[in-house]
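As a plain string of letters, each chain reads:
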Amino acid sequence: MNELGIPVLIVLAALLLVVMFLGAMGVRRIQLRRTLGTFDASISTAPGKWMMVVARYGAGELEFLKLFSVSPIAVHKFSRSSIELNGWRKPAEEEKHLVQPGSVIVMVTYEGREILIAMDYGTYNGLSAWLEAGPVAGVGTWRQD
């Protein structure tokens, strides 16, 4: 091999790895979106910091998986019985460029922490219904209000 061949092979191998990673991310996103109870959202657990996620309802928890990742592990898991829905609002001017267009900011309290979740209004209705449709108080592990 000439001296130009090795650097070209290294660059091609790096490009192949990037393409494979992007392909794996695409396949993961397609698989997640095909699952019932998933939706695109953004989550803020610290003031001013937003992360794009794919959220999914489970039987007893709400999971948030990073959008730009190949990991199947949720970065946040919230137990259904500990989530308190505090309403929604339109994004503030400084938040508009951090969340998806057309989103509403849903205010949630989880174990005493304030959490903001950006999602479209129809998804907010689904989240609200999912929380309200939980088991009756006194049965299983549902909240005791």
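Up top is the structure.
Residues numbered from 1 in each chain as written. Predicted model: local features only at pLDDT ≥ 70, side-chain atom pairs only at ≥ 80, totals over all residues. Heavy atoms only, no water.

Quick notes on the overall build of the protein chain
Condition: Numbered from the N terminus, helices here are DSSP runs of H or I no shorter than four residues, and strands are runs of E no shorter than two. Radius of gyration means the value over C-alpha atoms here, while the globule rule gives 2.2 Å times the residue count to the 0.38 power. Pairs of residues are marked as contacts when any of their non-hydrogen atoms sit within 4.5 Å. Per-residue and other accessible areas follow the Shrake-Rupley method at a 1.4 Å probe size, with only the shown protein chains counted as cover for residues. In summary, the charge assignment counts Lys and Arg as positive and Asp and Glu as negative, without counting His or the chain termini. Positions of charges follow a simple convention, taking NZ of Lys, CZ of Arg, CG of Asp or CD of Glu.
When you go through the protein chain residue by residue, the secondary structure sums to two helices and seven strands. For the protein chain, the sequential pattern of α-helices and β-strands runs α-β-β-β-β-β-β-β-α. For 145 residues, the compact-globule estimate of 2.2 N^0.38 gives 15 Å, and the protein chain exceeds it by more than 25% at 20 Å. Contacts spanning at least 24 positions in sequence make up 41% of the contacts within the protein chain whose residues lie at least 6 apart. Element-wise, carbon and sulfur atoms account for 63% of the exposed surface of the protein chain, whose accessible area totals about 9,100 Å². Each charge class in the protein chain can be summarised by its mean position, and for the 14 positive and 13 negative side chains these summaries are 5 Å apart.

Focus: the nonpolar core
Across soluble globular proteins, nonpolar side chains have a tendency to be buried as a group. The line we're drawing: Residues belong to a common nonpolar core when they are buried Ala, Val, Leu, Ile, Met, Phe, Trp, Tyr or Cys residues joined through side-chain atoms within 4.5 Å. Classification of residues uses two cut-offs on accessible area relative to the type maximum, computed with a 1.4 Å probe and protein chains only: under 20% is buried, over 50% is exposed, and between them is partly exposed.
Within the largest apolar cluster, 20 residues are counted, with the highest numbers of intra-cluster contacts made by Phe64, Ile83 and Ile117. Those elements giving two or more residues to this core turn out to be strand E1 (38–46), strand E2 (49–57), strand E3 (61–66), strand E6 (103–110), strand E7 (113–120) and helix H2 (121–132).

Digging into the side chain of threonine 123
Take threonine 123: it is sitting in helix H2. Note on threonine 123: relative accessible area 15%, which makes it buried. Those residues in contact with threonine 123 that lie beyond four places of it in its chain are Phe39 and Tyr57.

Let's talk about the pattern of salt bridges
Put simply, the test is: Whenever a carboxyl oxygen of Asp or Glu lies within 4 Å of a side-chain nitrogen of Lys or Arg, that contact is scored as a salt bridge.
Using the criterion set out here, one finds five salt bridges in the structure. Lysine 77 is paired through a salt bridge with glutamate 61; the nearest N and O atoms lie 4.0 Å apart. With lysine 77 in strand E4 (residues 76–79) and glutamate 61 in strand E3, the pair connects residues that are 16 residues apart, well separated along the chain. For lysine 96, the salt bridge is made with glutamate 93, and the minimal N-O distance between the two is 3.7 Å. A relative accessible area of 60% means that glutamate 93 is categorised as exposed.

Considerations on the pairing of E3
Every regular strand shows the same layout, with side chains that alternate between the two sheet faces. For clarity, the cut-off: Here, any two strands with at least 2 DSSP bridges between them count as paired.
One ladder, built from five bridges, connects E2 with E3; its direction is antiparallel. By the bridge assignment for E3, valine 54 is matched with leucine 65. Turn length for the E2-E3 hairpin, with the two strands adjacent in sequence and antiparallel, is three residues.

Some points on the pairing of E6
Burial analysis of E6 places seven of its eight residues in the buried class, the great majority of the element. Relative to E6, strand E5 (residues 83–89) is paired through five bridges, and the arrangement is antiparallel. By the bridge assignment for E6, isoleucine 83 is matched with tyrosine 110. Where E6 hands over to E7, the hairpin turn is made up of two residues, of which glutamate 111 adopts a positive phi near 50°.

Considering unusual backbone geometry
A positive phi is found at glutamate 111, a non-glycine position, where the angle reads about 50°. Along the polypeptide, glutamate 111 turns up in the loop between E6 and E7. Look at glutamate 111 and you get exposed, because its relative accessible area is 59%.

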